[in-house]
Amino acid sequence: MTKRYTLFLALLAVASCTTAVRHDGPVYLDPARSVEERVADVLPRLTIEEKVALTHAQSKFSSRGVPRLGIPEVWCTDGPHGIRPEVLWDEWDQAGWTNDSCTAFPALSCLAATWDKDMSLLFGRSIGAEARYRKKDILLGPGVNICRTPLNGRNFEYMGEDPFLAGKMVVPYVQGVQENGVAACVKHYAVNNQETKRTATSSNLDDRTLYEIYLPAFETAVREGGAWAIMGSYNLYNGQFNCHNKRLLLDILKGEWGFDGVVVSDWGGCRDDDEAIFNGLDMEFGTWTNGLTGAASDSYRNYHLADPYLQRIADGRAGTKELDDKASRILRTIFRTSMSPEKHFGSFNSPEHYDAARKIAAAGTVLLQNNGALPLNIPDGGKLVIIGENAVKKMVVGGGSSSLKTNYEITPLEGLQEAFPNAEIIWERGYVGDTSTSYNKVDTGQDLSESRSPSQLLADALSAAEGADAVIFIGGLNKSKGQDNEGTDRADIVLPYGQDAVIEALSAAIPSLIVVNISGSPVAMPWADKVAAIVQGWYGGSESGRALADVLTGAVNPSGRLPFTLPKALSDGPLKTARQYPGIQEEGSKWWQEYYDEGVFVGYRWYDKENIPVQFPFGHGLSYTSFSYDNARLSRKALACAGSFPVDGGNEEVLKVSVSISNTGGLDGAEVVQLYVAPPAGDVERPVKELRGFEKISLKSGESGMVTIPLTRRAFSRFDPDAHCWVVDPGEWTIHLGSSSADLRTCATVSIK
Ligand code: BGC
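These figures come from a predicted structure and were not determined experimentally.

The rules we used
- Residues numbered from 1 in each chain as written.
- Predicted model: local features only at pLDDT ≥ 70, side-chain atom pairs only at ≥ 80, totals over all residues.
- Heavy atoms only, no water.
- Near = heavy atom within 4 Å.
- Polar contact = N/O pair within 3.5 Å; in protein donor to acceptor, adjacent residues only side chain to side chain.
- Areas by Shrake-Rupley, 256 points an atom, 1.4 Å probe, with all protein chains shown as cover.
- Nonpolar A, V, L, I, M, F, W, Y, C, P; charged D, E, K, R; others polar.
- Phe/Tyr/Trp six-rings, centres within 6.5 Å; stacked < 30°, edge-to-face > 60°.
- Helix = DSSP H or I, 4+ residues; strand = E, 2+ residues; numbered from the N terminus.
- Buried < 20%, exposed > 50% of the residue type's maximum accessible area, 1.4 Å probe, protein only.
- Domains from an automatic or database assignment.
- Contact = heavy atoms within 4.5 Å.
- Buried area = accessible area lost by both parts, 1.4 Å probe.
- Salt bridge = Lys/Arg side-chain N within 4 Å of Asp/Glu carboxyl O.
- Axes fitted to C-alpha atoms, helices over the stretch in contact; angles between N-to-C directions.
- Left-handed = near helix turned anticlockwise from the far one by under 90°.
- Core = buried A, V, L, I, M, F, W, Y, C linked by side-chain atoms within 4.5 Å.
- Pairing = 2+ DSSP bridges.

Taken together, 15 residues sit near the ligand, with Asp78, Arg154, His188, Tyr234 and Asp266 positioned nearest. One nitrogen or oxygen atom from the side chain of Arg84 is found 3.2 Å from an oxygen atom belonging to the ligand. Residue Tyr234 places a side-chain N or O atom 2.8 Å away from an oxygen atom belonging to the ligand. Relative to its unbound accessible area of 310 Å², the ligand is 96% covered by the protein chains. Looking at side-chain class alone, the shell around the ligand contains 6 nonpolar, 2 polar and 7 charged residues.

Below, the structure is given as C-alpha cells:
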C-alpha cells in the first residue's frame, strides 16, 4: 500500500467517524447513543396518552408507536417455527398476501431432540433473519414449558421434560434471533403445562417444584440468553392470572432475575384493569373486545391498559410510576429492534434457511430401535413400500398459532422418492386419520378424502407389501384437534385412528417392518418388540421428508435423543389424580384448581424414583455406529461448596468433568454425552439423578475425542423453600456419564464438604 493511499484511508476513517458522532437531532434519534440514553431522552417527551398508547394493541399483532416523534409501531409475529402469514387487521384469518410464505423450520420438540446448541443457534439466526425481513420486531417464541404430561397439546412447541435441557437449548435460539434486531419472546411464563381449560385453571405448587423444575428454562433464557421479551401465560399460578401475576412478574422475573425487557400478555390473557397496571405487565394483546364490531370506533381503546388506564390516572387511582416503567421497557425494545443502528435487512426463503431446516430436522430424528433393518438398502429396481397417512399428510398447516404458510413442504413419501429415484415406490394409506387441510384460511391444497373401509385399507396395505425389499409404516399424531394441537389435550398416549392394530397386523406379516412415528409428544408403542426398527420423527417443517429420508438412508447418521421419556402406558406416569390433572372445581372457587402433588418428580425423575420400566428412556437414541466412554476424570476430588447461597447465585464453575469418547463402529457419527448428577442420601428426598450437562461430539470412524463439561455450584443444589435459597448438601456425589438416562457408561465421585 502506498503512503498516499494509507493517508487517504486514514482521512476517510476520521471523516466517517466524525459523521457518526455528529448528530444534530435529538438524542433518541441518534443511533450512536446507547439504548439507555435514547430511552432516557425520549421518555419525558411523551404525553400520558402517548405512553398509554404504547402499552396496548392497535391490531391483532401490532401496537402503536409514537407517530408524532417518529417512533415506529411494534410488530409481533408467531413463532416459534417460522414467520406466521400476515393476518387481517383485526381477524385471525390470513390476509391473503402472496409474498408471505416462509421457510418452515422444525418444531421445537425436534430442536430439543438434537441436543445440539449449534443447531439451536442456527435455528435462531435463520428464523430471526426471516422475522427481520418481514419487518417484525418481536418473535412470539420460543416456548419452554416443561412436558409435565404427555397429553399436553402443545408439547410439540416446547423443549421436553427436563429444565436443564430446555434451558441450555433455548439460550442460543434467543441469541440467534436477537442478533437480527428482533426480540425473542420466551413463552408461556409460567407453569402452563396443559391446554385443557388453559384460561381457567390455577396451577398450584410449592416453591421447590417451581424453582427446580418450572422456572429454570425461563431463568436461563433471561439471565444467560438475555431475552428481550417474555410472554405471560393464560393460566393462573397460585390463584392469580399469569399475565399480571405479581409474584412471577415483579418478584421473580423483574426482581430476582433483573429482567429489563418487555412483558407481553398472551393474546387475550390479560383479565383485570388494576392487576394489569400494577403487577408487571407491559403490553396487552388480543383481549377479547369483540374486534371491529363491539365498540363505537376503536375497540382497542377498551383494553385494560387503554381507556381504563387513562381513567385511573385521571381520577388518581393510578399514578404514572408504573406507566413510565412500562413505556421505558417498550421504548427499550424499540431501540433494540426497529430503531437499532445494527438492524439487518434480514432474508426470507433463502436456500441457506431451507438447508438449516433440513439439517436441524435430520439432527433431531431419533433412532429408537434397530435390528439391522436400517439404514435402508434398496437396490436399483428394488421395491420400497410405504404405508401410513403421515407419509403424505402435510403438517406445516395446523396445530394452532404456530401454523404456517410455507413455500413448499416435502412429505416423507416425496423425500424417499427423491432418495431412491430408481426404485419402485408404492404408497398405501393403511388407516385414515384426519383429512382436514386448512387453518385460518391457509390450505395445503391436498385432497385426503378416502372411501375405503378400515379392513380394505389394511388388506390393500398387506397386498402392496408383498415382495418388497423394505416396508416402512409412517404414522403417529398430527396437528388436528385432540392431537398435537393448541387449545386441546390428548385423551391418551395410545396412537389414534386404530394405528396400533394396523402395525400389529403388518408386523405379523412383515418381520422386518420399520415404524416411523411422527409426533411432538410421547406415544405408547405396545408393538415395539414385534417390529425391526423404530424411528421417532417430528414435525420437520418445509424439509421434513428430505430430512427423514437422510436418516433412513444413512446419508445422515442419526444422532437425535429423546427430550422426554416414552412410557409404556399413561398410567405409569406421575399424574394419578384429577387434582393433579386436569384439575378440579372446588366449592366457592371460580377457577379450576390443579395441584402439582408429584413435586419435582416429573419425567425420568419419576420413573427413576418409582423404578418403573419405560418403553424408551429420556435421552435415548441410537446411531449406525457405536461409541465407547473411557477415563472419566474430575478436575477436583473434593469441593468445599456445601451450604446455602442466594436465589440468584451459584453460577460460578466449581468442577470440570472430562471423558474420552471413541467411535468404535464402522461409520462416522455423533454421540451425545450426557452428564447426570446423583446426590448422596439425605433428609430431603431428591431425584435419583438429574441432567446437569451434555455435549454432542462428532467423530470419524475409529476416531477418539475428549468431552469436557463444566459444572456450577447450582448443578449440585436443591431449592430450600423455607429459607428461599439454594442449598448444596455435603457427602459423596456421583457424576454419571452416559448415552441416555438409562445407559450410564461410566462415573466418578466427588466429595462435597
Ligand atoms: C398463543 C400464543 C401465541 C398467540 C398469538 C395465543 O393463543 O397461546 O402462543 O403467540 O396466541 O398468536
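Before going further, it helps to spend a moment on the packing of aromatic side chains. Inspection of the entire model under this criterion finds 25 aromatic pairs. Ring geometry for Tyr214 against Tyr596: centres 5.2 Å apart, planes inclined by 80°, an arrangement best described as edge-to-face. You can see Tyr214 sitting in helix α7 (residues 207-214) and its partner Tyr596 sitting in the loop between β19 (592-595) and α19 (604-610), a full 382 residues away along the chain. A relative accessible area of 3% places Tyr214 in the buried class. A relative accessible area of 3% means that Tyr596 is categorised as buried. An aromatic cluster is defined as three or more aromatic residues linked by ring pairs; in this entry it consists of Trp115, Phe164, Tyr604, Phe618, Tyr676 and Phe694.

By domain assignment, the protein separates into domain 1 (1-30), domain 2 (31-91 + 98-336), domain 3 (365-556) and domain 4 (627-752). The straight-line distance from the C-alpha centre of domain 2 to that of domain 4 is 33 Å. Facing 17 residues of domain 2, the contacting portion of domain 4 comprises 22 residues. Summing both sides of the interface, domain 2 and domain 4 together bury roughly 1700 Å²; the carbon and sulfur share of this comes to 58%. The interface formed by domain 2 and domain 4 holds 2 salt bridges in total. Ionic pairing is found between Glu219 and Arg714, a salt bridge with its closest N-O pair at 2.7 Å.

Once that is clear, we can look at the side chain of Glu598. Inspection of the secondary structure assignment puts Glu598 in the loop between β19 and α19. Classification of Glu598 as buried rests on a relative accessible area of 7%. Of the polar contacts made by the side chain of Glu598, one reaches the side chain of Gln580; its length is 3.1 Å. Not counting the four nearest positions on each side in its chain, Glu598 is found in contact with Arg148, Tyr214, Pro574, Leu575 and Gln580.

In contact at an axis separation of 10 Å, helix α5 (residues 117-133) and helix α14 (residues 351-364) are set at 145° when each is read in the N-to-C sense. Seen from above, α5 lies across α14 with left-handed handedness. Together, Met119, Leu122, Phe123, Ser126, Ala129 and Glu130 of α5 and His353, Ala356, Lys359, Ile360 and Ala363 of α14 make up the contact between the two elements. Considered class by class, the residues forming the contact of α5 with α14 number 7 nonpolar, 2 polar and 2 charged.

Core analysis: the largest hydrophobic core is formed by 110 residues, its most contacted members being Tyr189, Leu655, Phe716 and Ile735. Of all the elements, helix α6 (residues 163-178) adds the most residues to this core, at 8 residues. Beyond its immediate sequence surroundings of up to four residues, Tyr189 is in contact with Leu215, Phe218, Ile230, Met231, Gly232, Ser233, Asn242, Leu248, Leu249, Ile252, Leu253 and Trp257. Membership of the second largest hydrophobic core comes to 66 residues, among which are Phe156, Leu506, Val516 and Val535.

Let's shift gears to the pattern of salt bridges. Enumeration over the complete set of coordinates arrives at 57 salt bridges. In this structure, the salt-bridge partner of Glu179 is Arg125, at a minimum N-O distance of 2.7 Å. Note that Glu179 is positioned in the loop between α6 and β4 (183-189) and Arg125 in helix α5, a separation of 54 residues in sequence. Assessed through its relative accessible area of 39%, Arg125 is described here as partly exposed. Glu389 is the salt-bridge partner of Arg429, the closest N and O atoms lying 2.8 Å from each other. Residue Arg429 is found in the loop between β12 (424-428) and β13 (438-439), and its partner Glu389 is found in the loop between β11 (383-387) and α15 (412-419); the two are separated by 40 residues along the sequence. Judged by its relative accessible area of 4%, Arg429 falls in the buried class. One salt-bridge network, in which partners are shared between bridges, spans Asp162, Arg605, Arg686, Glu690, Arg692, Arg718 and Asp729.

Before going further, it helps to examine the sheet that holds strand β10 (residues 366-370). Across the sheet, which stays open at both edges, the 6 strands sit in the order β10-β17-β16-β15-β11-β12 with mixed pairing between neighbours. Only two strands of the sheet have a single neighbouring strand rather than two, namely β10 and β12. Across the sheet, the axes of successive neighbouring strands diverge by a mean angle of 20°, strand direction being ignored. Taken together, the 5 bridges between strand β15 (residues 470-476) and strand β16 (residues 514-518) define a ladder with parallel strand orientation. Pairing of Gly476 across the sheet is with Ile518, part of β16.

Attention now moves to the pairing of β19. As paired strands, strand β5 (residues 201-204) and β19 are joined by 4 bridges and run parallel to one another. Along β19, the bridge assignment pairs Asn204 with Tyr595. As paired elements, strand β18 (residues 584-585) and β19 share 2 bridges and run antiparallel to each other. Across the sheet, the residue bridging to Ile584 is Gln593, located in β19.

Here Gly79 and Pro80 are connected by a cis peptide whose omega angle stands at -15°. Structurally, Pro80 can be placed in the loop between β2 (74-78) and α4 (108-114). A cis amide bond links Leu374 to the next residue, Pro375, at an omega of -5°. The residue Pro375 is located in the loop between β10 and β11 in this model. The backbone of Tyr497 sits at a positive phi, close to 65°, despite the residue not being glycine.

Tracing the backbone shows Ser559 in the loop between α18 (544-553) and β18. We classify Ser559 as buried; its relative accessible area is 7%. Of the polar contacts made by the side chain of Ser559, one reaches the side chain of Lys696; its length is 2.8 Å. Contact partners of Ser559, with chain neighbours within four places excluded, come to Thr114, Ala363, Thr365, Ala670, Val672 and Lys696.

Pairing between sheet strands relies on hydrogen bonds along the backbone, with the strands arranged either parallel or antiparallel. Pairing is mixed in the open sheet, where 5 strands are placed in the order β21-β30-β29-β24-β25. Either end of the sheet is taken by a strand with one partner, and the two such strands are β21 (638-639) and β25 (690-699).

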